[in-house]
Structures are given as C-alpha cells and as structure tokens.
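Fold and contact review
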Amino acid sequence: QVQLVESGGGLVQAGDSLRLSCAASGRTFSNYAMGWFRQAPGKEREFVAAVSRSGGSTNYASSVKGRFTIYRDNAKSTVYLQVNSLKPEDTAVYYCAADRAFTDRVVTTGPGYEYWGQGTQVTVSS
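This part takes up the environment of Asn 74. Note that Asn 74 resides in the loop between β7 (68–73) and β8 (78–83). Here Asn 74 falls in the partly exposed class, since its relative accessible area comes to 28%. Sequence spacing of Asn 74 and Thr 28 is 46 residues, and the spatial spacing of their C-alpha atoms is 8.9 Å.

Note on terminology: a disulfide is the covalent bond linking the sulfur atoms of two cysteines. Applying the stated criterion across every chain, the model contains one disulfide. Covalently, Cys 22 is tied to Cys 96 through a disulfide, its sulfur atoms 1.9 Å apart. The sign of the S-S torsion, about 45 degrees, decides the handedness of the disulfide formed by Cys 22 and Cys 96: right-handed. A residue pair is termed long-range when its members are at least 10 positions apart, and Cys 22 in strand β3 (residues 18–25) and Cys 96 in strand β9 (residues 92–100) qualify at 74 residues.

Calculation rules
Residues numbered from 1 in each chain as written. Predicted model: local features only at pLDDT ≥ 70, side-chain atom pairs only at ≥ 80, totals over all residues. Heavy atoms only, no water. Helix = DSSP H or I, 4+ residues; strand = E, 2+ residues; numbered from the N terminus. Buried < 20%, exposed > 50% of the residue type's maximum accessible area, 1.4 Å probe, protein only. Disulfide = S-S within 2.5 Å.

Printed below as a string of structure tokens:
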C-alpha cells in the first residue's frame, strides 16, 4: 500500500503561484511513477502532469504546459507541482497519484494509477 497526502492548495488570485506537495509513505517512493490530476465541479477528472520514477521524464496537459512544473524529491518521498500564472479555470481539487513502475516511464491516464491521495483544493479568483 502507498499512502499519499497532498497539501499546499488554497485561495489565490489570478496570476498567483502555488506549490502543491504530495508526500508518499508505505513503499519505496522511487519505484513509483507519479502524476497530478484535477477535477473541477461538474467536470470529469483530467490529467495535469506526470513524472517518471527517476524524475528524468515529464509530461503535461496542453492547458498547463509552460505554467506548471512537476518534479520529485525521492529522498523526501515527495512529488511537487509548481503552479504559476494561475487562472480561474485552474480552480479544482488537485489529486496526486502513484503507480508501480518497472521502467522509467510517465503515466498520463487515470486508470494507469493504482494509488490516489485525498486531494487539495485550489481556488483562483479573477
């Protein structure tokens, strides 16, 4: 079992930045590909960003590319999502997810992930 706990969300204004964190426990963190997803009210969960187990490969949704950065610190068993230039349409609950990876791959689809956190709310006012 892997336990994931997100933090760092909040209420911010358009143009502001946040750093979301996801602390993992329970298994060897460096064996897991990690991802961030989000779900806005009334909408389906969508992929935001993913990072391979080494941190060497990343992938982003087109809507966040250039504004968001995913990275990980395997020594701290934590994955981060730096979110800059926030827009009201970024308002959502942000979830991190983990998947056991036997290669240094990124996972960009929700069903590809085995473990999920409880989410952290990000609200962006205009």
